[in-house]
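Commentary on secondary and tertiary structure
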Amino acid sequence: MAVQLTIEDDVALVLFELLASERLDAVVEVPERNALWALEGVLEKQLAEPFHPEYAALLEQARTALVTRYGD
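I will try to describe carefully the structure that is included in this document.

What counts and how
- Residues numbered from 1 in each chain as written.
- Predicted model: local features only at pLDDT ≥ 70, side-chain atom pairs only at ≥ 80, totals over all residues.
- Heavy atoms only, no water.
- Axes fitted to C-alpha atoms, helices over the stretch in contact; angles between N-to-C directions.
- Helix = DSSP H or I, 4+ residues; strand = E, 2+ residues; numbered from the N terminus.
- Parallel < 35°, antiparallel > 145°, perpendicular 65-115°, else oblique.
- Left-handed = near helix turned anticlockwise from the far one by under 90°.
- Contact = heavy atoms within 4.5 Å.
- Nonpolar A, V, L, I, M, F, W, Y, C, P; charged D, E, K, R; others polar.
- Buried < 20%, exposed > 50% of the residue type's maximum accessible area, 1.4 Å probe, protein only.

Between helix α1 (residues 9-20) and helix α2 (residues 30-46), the least distance of the axes is 9 Å, while the angle of their chain directions is 130 degrees. Put simply, α1 runs oblique to α2. Two packed elements cross with a definite hand, and for α1 against α2 that hand is left-handed. Contacts between α1 and α2 pair Ala 12, Leu 15, Phe 16, Leu 19 and Ala 20 from the former with Leu 36, Leu 39, Glu 40, Leu 43 and Glu 44 from the latter. When the residues that make up the contact of α1 with α2 are grouped by side-chain class, the tally is eight nonpolar, no polar and two charged.

Further remarks concern the environment of Asp 10. Residue position: Asp 10 is located in helix α1. Using a relative accessible area of 13% as the deciding quantity, one classes Asp 10 as buried. Placed 49 residues apart in sequence, Asp 10 and Leu 59 show a C-alpha to C-alpha distance of 7.9 Å. Beyond its immediate sequence surroundings of up to four residues, Asp 10 is in contact with Ala 62, Ala 65, Leu 66 and Arg 69.

The phi torsion of most residues other than glycine is negative, and most of the peptide bonds are trans. Phi angles above zero are rare outside glycine, and Glu 22 is one such case at about 65 degrees. Mapped onto the secondary structure, Glu 22 falls in the loop between α1 and α2.

Between two packed helices, what matters for the description is the angle formed by their axes and the separation of those axes. Two elements in contact, α1 and helix α3 (residues 55-70), have axes separated by 9 Å at closest approach and are oriented at 115 degrees. Judged by the sense of rotation from one axis to the other, the crossing of α1 with α3 is left-handed. On α3, the residues touching Asp 10, Val 11, Leu 13, Val 14, Phe 16 and Glu 17 of α1 are Tyr 55, Leu 58, Leu 59, Ala 62, Arg 63, Ala 65, Leu 66 and Arg 69. Split into classes, the residues belonging to the contact of α1 with α3 amount to ten nonpolar, no polar and four charged.

Here it is, written out as structure tokens:
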């Protein structure tokens, strides 16, 4: 069985950055870490932004958009 999710591009980009940063590895147990790695892999296959020369700026735009949309 597979679950299909649809999320906004800015949400995907910010989540990818969090997962790729490995900040969560120390606070989650092995099964959860493995699930997060799997999610990171799915996002990596879908996103082109991490390979863009202006990645830092694109990430900052996405972060700002999320704060604007959902508040802080």
